[in-house]
Amino acid sequence: YSAPTSAGKTMVAELLTMQTVLERDKKVLIILPFVSVVREKMLYFQELFEGTNKRVAGFMGSYTPTGGLRSVNIAIATIEKANGIINRLMEEDGLQDVGCVVVDELHMLGDSNRGYLLELLLTKIKYMSKIRSNISIQIVGMSATLPNLEMLAKWLDATLYQTNFRPVPLKEYLKIGKNVYNANNLSFSHAIEPSVAIKNDPDDVKYLCIDTILQGYSILIFCFTKKWCESLALEIASEIKQLGGVNKTKIGIDLRNQLNGENLGDVLEQLRRCPVGLETDLSKTISFGVAFHHAGLTMDERDIIEGAFKQNIVRVLIATSTLSSGVNLPARRVIVRSPHCHGFPIDILQYRQMIGRAGRMGVDTAGESYLICNENERRMGEEIATQNLPPIKSCLGVGDFSSCLKRALLEVVAGCVVCTTEEAYEYIKCTLLYVSNGENLNETPIHECLMLLIENQFVRESDNKLAPTNLGQACLAASVTPEIGLKLIKELDKARQNFVLDSELHLLYLITPYSVSDQIGHLDWFRVLGVWEKLPHSMRKVGDMIGIEEGFIVKAMTGTSFSTSSDKHKLAVHRRFYTSLLLYDLINEVPINTVVLKYGTSKGLLQSLQQSSSTFAGMVTQFCKRLGWSSLELLISQFSERLQFGVQRQLVELLRLDCLNSITARTLYNAGIQNIPELALADLRLVQRTLTKAIPYQSNANNNNTDDEDKRKNIWLAGRFALNEREAAIFIINEARHLLQVRFNV
């Protein structure tokens, strides 16, 4: 079903979830597009079902709860994790235990990178429900932005519900110069006439921010580069500082009254206590109720900023467009700073998601959005403001069609639900691609893909029956594509014959994703050579074995373009090795800021690489397990959680507590509290003293009223407000005891 933002889609999904779990006693799988949203929804449902015997768990990144889906009633997962869950259930014949699958943001079907995976997931559910009478799964698809609803409803064999009612009215504006136009019909609405003189504000963005603050609301501004976000935040903060510093003016007094200095100080303190410390530019903006949010920040920093914005402490948030499809951050006013991104018009779906942040139910009585254009951008702005959403299309037929189709067929053959070519044709008839093509089936590409799977020994055929090989089953268990499966088996088999165990670097290289060549971006090859030359012999030995050549690095330093397939392969190997060196430092607890300076990357990219490598490590572990390579499985299995937390092996157990970070865990470990049971039984005073050591020293010389330690709220745990040492110690011990109760089901 489709409805505008705040129209109650989430509530309907929650009611259906409760009905399935409580009345039908079936499991529910909730699929969300991003890890941040999965985490937010998981915490919400855990609170909702607290006091019942129903368990809620999140499946995201490298994390899978103990016992997997069998141990939970409500699984909240990313698209990739949900696909793995469905594959496992097909393989173990457990789909009949699932009663409902909820897909939030159903428009992700049209995403060029992940859309095909969501389509395959839903196709498998459709096909299994068709061939097995004991499987009856309700599919609930919802989105605020779905244009071709009838076709999607036909594909899912679903009842269609649609409304255009928006409980919180949204006024969409197009601003060109000083004039503001209604976006729906481009009629003139009003002109911006600032009530206060602001220098260097040609587009009135600073004025709109200050006007929003003075009304008691918050404003969200979307820019399209990290540098733009930071520079605009500094400009707005500087203007607020200047206006608020004029004591005798009404606007200065009103601004100071609107911004809560004590709460903003708490936000600064939380950021200061992050493992990376307080970002210099954030320290200049947060004090004035302004912050920026982009992929260059760590997840801890983003969490703190998001929390402060939700609580109306930070009043102006400048973010890149990725935030538009992330966590729920409502604002009274939304500004889209430009109609184009890197020279191209912004995507209409992305634009709709951005302006949909304005005016959230229960927060605002109305919402406003402004698309800012200059006179030269008028035509582009008018097209974006008035354009209809494009129809959602199947991504199975986009890009490398054979790659998507090979994976689609391999997963159902390896899951033993398709055993003949005829059944493969019937399976493809359950796809959105088949429905959107007017139900015309071209059997040729299906036959060709099956032949490729047989030739590459993923599938074997005997007496017209299809059956998976060990390699095919390993790809299914690891949730990897056939192409990655071939790369993995070749690389791992070679490593099994000749391993370098002088350090952990060789193992880390094997679990560094192949996609890092695209993810890591531009490399400073002078820096790469410097890092290579300083490596100890044991680590250079790994580089020599996998094909690192100093001459190739020197060649790259000269700016040579690599066009041959051999050179492109070498380039990918060198980039991947450089990333594995970066990860090596991280899991040995080298401070993030030190790693950033050494390798010339951003904190956010560093964490992104860390999380994707953690996920890939889990996939490689499953791959080895299914192939029966138990020794290699044992060696690799430790890295998934170590990469997730960025720590040495001995801290992994303590960091299973969500409220701890690596610094606190290391301090507890050094104090002799080395695992969850020891923490659950620990003396309260010992934990309290240990937490005190983890807090940076602060002089009380200028604060004579804080000599009573019980009154000082100077510890921030994940998801909690400020606590003193005693409160934090009690909370941590109780969390450890609760985790043990869940683990042992007592």
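Coordinates for the structure precede this section.
The structure presented is a predicted model; accordingly, all values stated were derived computationally and were not measured.

Q: Residue-level account of the overall build of the chain, with values.
A: A tally of regular secondary structure across the chain gives 33 helices and 19 strands. In summary, the chain has a C-alpha radius of gyration of 27 Å against a globular reference of 27 Å for 746 residues, a match within 12%. Along the longest, intermediate and shortest principal axes, the C-alpha atoms of the chain span 90 × 65 × 65 Å. When each of the 746 residues of the chain is scored for burial, the buried share is 52%. Restricting to contacts in the chain with at least 6 residues of sequence separation, those with at least 24 account for 69%. For the chain, the accessible surface area stands at approximately 33700 Å², while carbon and sulfur atoms represent 49% of it. Put simply, the chain has 80 plus and 81 minus side-chain charges, and the middle of one group is 2 Å from the middle of the other.

Q: Tell me about the environment of P65, and please be specific about residues and values.
A: When you line up the elements, P65 lands in the loop between β2 (56-59) and β3 (74-77). In this structure P65 comes out as buried when scored by relative accessible area, which is 3%. On a C-alpha basis, the gap between P65 and E119 in space is 25 Å, while along the polypeptide they are 54 residues apart. Leaving out residues up to four positions away in the same chain, P65 has contacts with R55, A57, G58 and F59.

Q: I'd like a rundown of the packing of aromatic side chains, residues and numbers included.
A: Here the structure, examined in full by the defined rule, presents 9 aromatic pairs. Taking the centre distance of 6.0 Å and the plane angle of 80° together, the rings of Y181 and F188 count as edge-to-face. Ring centres 4.6 Å apart and planes at 20° place the aromatic pair F552 and F562 in the stacked group. Highlighted residues: F552 in helix α24 (residues 550-557) and F562 in the loop between α24 and α25 (565-587), separated in sequence by 10 residues. Take F552 and F562: they sit in the same class, and that class is buried. Ring-pair connections join several aromatic residues into one group, and the members of that group are Y44, F45 and F49. The side chain of K487 reaches across the aromatic face of Y514, ending 5.0 Å from its centre. Positioned above the aromatic ring of Y509 is the side chain of R576, whose terminal nitrogen or guanidinium carbon lies 4.3 Å from the ring centre.

Q: Please provide a residue-by-residue account of the pattern of salt bridges, values included.
A: Any two side chains of opposite charge can pair, so long as their charged atoms come close to each other. Here the structure, examined in full by the defined rule, presents 37 salt bridges. Two residues, D585 and K598, come together in a salt bridge whose shortest N-O distance is 3.0 Å. Here D585, found in helix α25, pairs with K598, found in helix α26 (residues 592-599); they are 13 residues apart in sequence, far enough to count as distant. For D585, a relative accessible area of 11% corresponds to the buried category. On the basis of relative accessible area, K598 is assigned to the partly exposed category, the value being 40%.

Here is what the cut-offs are and how they apply
- Residues numbered from 1 in each chain as written.
- Predicted model: local features only at pLDDT ≥ 70, side-chain atom pairs only at ≥ 80, totals over all residues.
- Heavy atoms only, no water.
- Helix = DSSP H or I, 4+ residues; strand = E, 2+ residues; numbered from the N terminus.
- Rg over C-alpha atoms; globule rule 2.2 N^0.38 Å.
- Buried < 20%, exposed > 50% of the residue type's maximum accessible area, 1.4 Å probe, protein only.
- Contact = heavy atoms within 4.5 Å.
- Areas by Shrake-Rupley, 256 points an atom, 1.4 Å probe, with all protein chains shown as cover.
- Lys, Arg positive; Asp, Glu negative; His and termini not counted.
- Charge placed at Lys NZ, Arg CZ, Asp CG, Glu CD.
- Phe/Tyr/Trp six-rings, centres within 6.5 Å; stacked < 30°, edge-to-face > 60°.
- Lys NZ or Arg CZ within 6 Å of the ring centre and 35° of its normal.
- Salt bridge = Lys/Arg side-chain N within 4 Å of Asp/Glu carboxyl O.

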